[in-house]
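# Chain and residue survey
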Amino acid sequence: MLSIKQRNKMTLGSLNMVMGFSVLMIVFGHCLVAFPDQKQVMGLRYFIKLFVDGLLPLFFILAGYRFKKKPVIATAQKSARELLIPYLLITAAVMVIYPISTKLICGGTWDSVLSSWKNHAVAFGFAMPAPNQTVLGMKSATCGPAWFFPALFWGTTFTNLALQLKKSWQQSLVVVALVALGYVLQAKGVFEFSIAHGMIVSGYFYLGYLMKKGKWLTRDLPVWIAVMVAIVALVEIVFGRFDFAWATYQLGVFELVGAAAQALTIIYIFFSLDHISGPISNGLRKAGRYSFWIICLHAVERTCAHYEVFLKWFPKWATWLPGAPYAAVLINFVFSCILLLIGCNILRKIVEFKHKERNK
């Protein structure tokens, strides 16, 4: 059995590995759902169903795990710099690239391109996670994966406000109330600025904070708790359908708990695998270290690349290839990963250059 000191050493590596796995599976999931006929790729859907519902809650839980309680204003300012500024940069990039890529890839008239651009402008301007909404009389598309940033900002801010209370039960009560309010607002179709999503994020964020405070990852978990978490996660896998962005909860409020159980199961599985070393595990750890950049770049790429055009064309062209729909999704995923790798390397070079300039 590992000592507490050994487990503490393992924690960072295992968290990077699970974050790397999760961010790559999010990218893969987006490639999969873009395929026009989901019945043709049911095998991949069954595969990703094993963990997909827990991927986003996992990120929010781990964000809470790494959080340190600070004064409200200081936390809000830090979160704004780290989350809202990237969101604004993503928005600017999409607004410039989207009309050009849409015209080049999808064709159509400039009127149709500009109409679609306006819908996306509304979505990004109001940070709308779900599509086909109306804001101030304007039709909205979706801001895609970019909603992650304002939602995490609100989740961090709300949770930090709750942590200012002295008693743990008071903190828990406020967080539960926030999650309940967020759930009700989503049910009423309130998606503006991802505030309702952020309220629900506060529940996952607070769970991560309690994990760190209670040292859950560095001590043995009681068997009965592990069994209960696994059972809830299994129910979610078999019967649930959790789409946080679009507020689709097939089993109602249970989905929020089921997704958390699935996220915790994934975290503990990867924590137990941290001793494994090799190109795959090391690659996942590296992806985990760059997960923030990957999400930023993927938010732009996912909106502007129009992979649905390729996914629709390839199976029709490759009728000679067995499993052409599966090949299309996998090719899309590999191409997407290559673009993200190039983007991360460019960002790394920019950061290194700025660092050198600062130290001159």
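All of the points below concern the structure found in this document. Residues take numbers from 1 onward in each chain, read along the sequence in its written order. Two thresholds apply to this predicted model, a pLDDT of at least 70 for residue-level local features and 80 or more for giving and counting side-chain atom pairs, whereas whole-chain, interface and lining totals are computed over all residues. The side-chain numbers reported here are obtained from all heavy atoms of the structure, hydrogens and water having been left aside.

Moving on: the overall build of the protein. Each helix corresponds to a stretch of at least 4 residues labelled H or I by DSSP, and each strand to a stretch of at least 2 residues labelled E; elements are numbered beginning at the N terminus. In terms of helices and strands, the protein carries 14 helices and four strands. Computation of the radius of gyration draws on C-alpha atoms alone. For the globule rule, the value is 2.2 Å times the number of residues to the power 0.38. Computed over its C-alpha atoms, the radius of gyration of the protein comes to 21 Å, within 12% of the 21 Å expected for a compact globule of 360 residues. Each of the three principal axes of the protein carries a C-alpha extent, and together these read 60 × 55 × 50 Å. Buried means the residue's accessible area, taken with a 1.4 Å probe over protein chains only, is under 20% of the maximum for its type, while exposed means over 50%, and partly exposed covers the values in between. The burial tally for the protein puts 46% of its 360 residues in the buried class. For this analysis, residues touch if any pair of their heavy atoms sits within 4.5 Å. For the protein, restricting intrachain contacts to residue pairs at least 6 apart in sequence, the fraction spanning at least 24 positions comes to 72%. Areas reported here follow the Shrake-Rupley algorithm with a probe of radius 1.4 Å; residue values treat only the protein chains shown as occluding. Entry remark: accessible area of the protein is about 18,400 Å², with carbon and sulfur atoms responsible for 71%.

As a further point, take the nonpolar core. Side chains of nonpolar character tend, in soluble globular proteins, to be buried together. Residues enter a nonpolar core if they are buried and are Ala, Val, Leu, Ile, Met, Phe, Trp, Tyr or Cys, with the set joined through side-chain atoms within 4.5 Å. Residues Ile90, Tyr204, Phe244 and Val329 are the most contacted members of the largest nonpolar core, which totals 87 residues. No other element matches the 12 residues that helix H1 (residues 4-33) contributes to this core. Grouped together as the second largest cluster of nonpolar side chains are eight residues, Val122, Phe126, Val135 and Ala141 included.

Here the term patch refers to residues with relative accessible area over 30% and no salt bridge, with like charges joined within 9 Å and nonpolar side chains (Val, Leu, Ile, Met, Phe, Trp, Tyr) within 5 Å. A carboxyl oxygen of Asp or Glu within 4 Å of a side-chain nitrogen of Lys or Arg is what we treat as a salt bridge. A cluster of nonpolar side chains, namely Val334, Phe335, Ile338, Leu339, Ile342, Ile346 and Ile350, defines an oily patch on the protein surface of about 610 Å² accessible area. Note that Val334 resides in helix H14 (residues 324-358). Take Val334: its relative accessible area is 46%, and that puts it in the partly exposed class.

Ring geometry is summarised as follows: Phe, Tyr and Trp rings, the Trp one being its six-membered ring, pair when their centres sit within 6.5 Å, and such pairs are stacked at plane angles under 30 degrees, edge-to-face over 60 and tilted between the two. Inspection of the entire model under this criterion finds 30 aromatic pairs. One aromatic cluster is present, built from ring pairs that chain together Phe59, Phe60, Trp147, Phe148, Phe149, Tyr183, Tyr204, Phe242, Phe244, Tyr249 and Phe292. Across from the ring centre of Tyr65, 5.2 Å away, lies the NZ or CZ of Lys212, which sits over that ring. By the criterion adopted, a ring carries a charge over it if an Arg CZ or a Lys NZ lies within 6 Å of its centre and within 35 degrees of its normal.

The residue Ser194 is located in the loop between helix H7 (168-187) and helix H8 (195-213) in this model. Among the residues examined, Ser194 registers a relative accessible area of 0% and is labelled buried. For Ser194, the contacting residues outside a window of four places in its chain are Phe126, Ala127, Pro129, Trp147, Pro150, Ala151 and Trp154.

A word on the packing of helix H4 (residues 72-106) against helix H6 (residues 148-163). To get an axis, a line is fitted to the C-alpha atoms, and for a helix only the part in contact is used. The angle between two axes follows their N-to-C directions and goes from 0 to 180 degrees. At their nearest, the axes of H4 and H6 sit 9 Å apart, and the two run at 175 degrees to each other. Comparing the axis directions of H4 and H6 gives the class roughly antiparallel. Here H4 contributes Val72, Thr75, Ala76, Ser79, Ala80, Leu83, Leu84, Tyr87 and Ile90 to the contact with H6, which in turn contributes Phe149, Pro150, Leu152, Phe153, Thr156, Asn160 and Leu161. For the contact of H4 with H6, a count of residues per class yields 12 nonpolar, four polar and no charged. In what follows, roughly perpendicular refers to angles from 65 to 115 degrees, roughly parallel to angles under 35, roughly antiparallel to angles over 145, and oblique to any angle outside these ranges. Classification convention: Asp, Glu, Lys, Arg as charged; Ala, Val, Leu, Ile, Met, Phe, Trp, Tyr, Cys, Pro as nonpolar; all other residues, Gly among them, as polar.

Turning our eyes to something else, we now look at helix H12 (residues 291-304). Multiplying one less than the number of residues by 1.5 Å gives the expected span of a helix. With 14 residues, H12 extends 20 Å from end C-alpha to end C-alpha; this agrees with the ideal 20 Å at 1.5 Å per step. Buried residues dominate H12, accounting for 10 of its 14 residues. His306, located one to two residues past H12, shows a positive phi value of around 50 degrees.

Turning to the packing of helix H13 (residues 307-317) against H14, a few remarks are in order. Direction vectors running N to C along H13 and H14 enclose 145 degrees, while the axes themselves pass 9 Å from each other. Our pair here, H13 against H14, has a crossing hand that is right-handed. Residues Tyr307, Phe310, Leu311, Phe314 and Pro315 of H13 form the contact with H14, whose participating residues are Ala324, Pro325, Ala327, Ala328, Val329, Ile331, Asn332, Phe335, Ser336 and Leu339. Class assignment of the residues belonging to the contact of H13 with H14 gives a composition of 13 nonpolar, two polar and no charged. Left-handed describes a crossing whose near helix is turned anticlockwise from the far helix by less than a right angle; the clockwise case is right-handed.

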